[in-house]
Amino acid sequence: MAQWRERWSLTRRIGIMGGTFDPIHYGHLIGAEEARFRFGLEKVIFMPCGQPPHKKDYPVTPARHRLAMVLLATASNPYFQVSTEEIERPGPSYTIDTIRSYRERFGEALDLYFITGADAILEILTWKENTELIRLTRFIGITRPGYDLTALNQRLPPSYLERIDILEIPTIDISSTQLRQRVCTGEPIRYLTPDPVRDYIAKEGLYRNANQKTEVGR
Ligand code: NAP
């Protein structure tokens, strides 16, 4: 028992919550909190992408706005932190670069979990250096209620599946796409994202026009 305690105290267990967060909403926040609790994570570090690797030709809202909204949304949770690492790194925000930098800083004495949407993890075989990535970190795939795991089980090899935990979150079906569309068509987003994020979107006039996205990534 004493030995177990010692190992537990030496090994830090951290979650990195990766996403574009365009914008952040309660689904992301509930997912991060649930992952923290279920997996005994010391903290969850929100990591907004600078330039999402698979959206090179698809404009996303400038990173400064996405970061501001993530900071506003996470401020009240002492277990949540926000990193600007991917935003500051030039070029596409490859997950392998982020995970490597954590491994270089903390070595093997770190239980690392990369948390993101299960639909994003479904594409992991197309991610840069994914064989090395899955060796360096475990994954937590956040799903919405009713998510069908067949595609994941059929597409990914067993050696990947054993490094991926699926976490279904108890929430209503919310997505960033829906939020953008609702703002664009003048529908309310209250109770879908924290009030400070809703106020920020209104103040900055984000998502009002479907073609408004002005910059790729940063
Ligand atoms: P995406 O393709 O826009 O999203 C796919 C699905 O996952 C959507 O339903 C999305 O819902 C959901 N999702 C995304 N992030 C989530 C999160 N943190 N928690 C819960 N659901 C989430 O995904 P993305 O945001 O561009 O990429 C997700 C992460 O994978 C990022 O950290 C990205 O850097 C990484 N990634 C890396 C590579 C690579 O290294 N080559 C390639 C692709 C993605 P919402 O739209 O509501 O968020």
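Rules behind the numbers
Residues numbered from 1 in each chain as written. Predicted model: local features only at pLDDT ≥ 70, side-chain atom pairs only at ≥ 80, totals over all residues. Heavy atoms only, no water. Near = heavy atom within 4 Å. Polar contact = N/O pair within 3.5 Å; in protein donor to acceptor, adjacent residues only side chain to side chain. Areas by Shrake-Rupley, 256 points an atom, 1.4 Å probe, with all protein chains shown as cover. Helix = DSSP H or I, 4+ residues; strand = E, 2+ residues; numbered from the N terminus. pLDDT = per-residue confidence, 0-100. Contact = heavy atoms within 4.5 Å. Pairing = 2+ DSSP bridges. Axes fitted to C-alpha atoms, helices over the stretch in contact; angles between N-to-C directions. Salt bridge = Lys/Arg side-chain N within 4 Å of Asp/Glu carboxyl O. Expected span 1.5 Å × (residues − 1). Buried < 20%, exposed > 50% of the residue type's maximum accessible area, 1.4 Å probe, protein only. Phe/Tyr/Trp six-rings, centres within 6.5 Å; stacked < 30°, edge-to-face > 60°. Lys NZ or Arg CZ within 6 Å of the ring centre and 35° of its normal.

Caption draft 1: Representation of the site of the ligand within the structure. Close to the ligand lie 25 residues; His25, His28, His54, Lys55 and Ser176 are nearest. One nitrogen or oxygen atom from the side chain of Thr116 is found 3.2 Å from a nitrogen atom belonging to the ligand. Ser176 places a main-chain nitrogen or oxygen 2.8 Å from an oxygen atom of the ligand. Relative to its free-state accessible area of 870 Å², the ligand is covered by the protein chains to the extent of 88%. When contributions to the shell around the ligand are tallied by element, the ones reaching two or more residues are β1 (12-19), β4 (110-117) and α6 (118-121).

Caption draft 2: Just the confidence of the model for the protein chain, in detail. Averaged over every residue, the pLDDT of the protein chain is 90; residues scoring 70 or more account for 90%. Taken as a whole, residues 214-218 scores under 50 in pLDDT and shows 27 contacts with residues more than four places along the chain or in a different chain.

Caption draft 3: Quick peek at the sheet that holds β4. Strand order in the open sheet formed by six strands is β3-β2-β1-β4-β5-β6, and the pairing between neighbours is parallel. The sheet is open, and its two edges are formed by β3 (80-82) and β6 (164-168), each paired on a single side. Going across the sheet, the axis of each strand differs from the next one's by a mean of 25 degrees, ignoring polarity. Pairing between β1 and strand β2 (residues 43-48): six bridges, direction parallel. Bridged to Ile16 within β2 is Ile45. Across the face of the sheet, helix α3 (residues 63-74) comes into contact with β2 and β3 while running at roughly 160 degrees to β3. Sitting on the sheet, helix α5 (residues 95-106) touches β1, β2 and β4, and the angle it makes with β4 is about 160 degrees.

Caption draft 4: Spotlight on the pattern of salt bridges. This model, assessed by the stated rule, comprises 15 salt bridges. Glu85 serves as the salt-bridge partner of Arg105, at 2.8 Å between the closest nitrogen and oxygen. Separated by 20 residues along the polypeptide, Arg105 in helix α5 and Glu85 in helix α4 (residues 85-88) bring together distant segments of the chain. A salt bridge links Glu187 to Arg182; the shortest N-O distance between them is 3.8 Å. A network of salt bridges, in which partner residues are shared, links Glu85, Arg89 and Arg105.

Caption draft 5: A look at α3. Taking 1.5 Å of rise per residue, the 12 residues of α3 would be expected to cover 16 Å, and the 16 Å separating its terminal C-alpha atoms lies within 8% of that figure. Taking burial as the measure, the 12 residues of α3 include nine buried ones, the bulk of the element. The elements touched by buried residues of α3 are α2 (26-38), β2, β3, α4 and α11 (195-204).

Caption draft 6: Looking closely at the packing of aromatic side chains. The final tally for this structure, using the stated rule, is seven aromatic pairs. Note on Tyr102 and Phe106: the rings are 6.1 Å apart at their centroids and 25 degrees apart in plane angle, and the pair reads as stacked. Highlighted residues: Tyr102 and Phe106, both in helix α5, separated by four residues, approximately one helical turn. The structure contains a cluster of three or more aromatic residues connected by ring pairs, namely Phe21, Phe46 and Phe80. Over the ring of Tyr79 we find Arg36, and its NZ or CZ is 3.8 Å from the ring centre. One Lys or Arg, Arg105, reaches over the ring of Tyr102 and ends 4.4 Å from the middle of that ring.

Caption draft 7: Region of interest: the pairing of strand β5 (residues 138-143). Among the six residues in β5, five count as buried, and that is most of the element. Where β4 lies against β5, five bridges are found, and the strand directions are parallel. Across the sheet, the residue bridging to Ile115 is Ile140, located in β5. Sheet topology note: the β5/β6 ladder contains five bridges and is parallel. Among the inter-strand pairings, Phe139 is bridged to a residue of β6, identified as Ile164.

Caption draft 8: Main features of unusual backbone geometry. The omega torsion of the bond from Asp22 to Pro23 falls at 0 degrees, within 30 degrees of zero and hence cis. Mapped onto the secondary structure, Pro23 falls in the loop between β1 and α2. Although it is not a glycine, Tyr191 sits at a positive phi angle of roughly 75 degrees. Along the chain, the position of Tyr191 falls in the loop between α10 (176-184) and α11.

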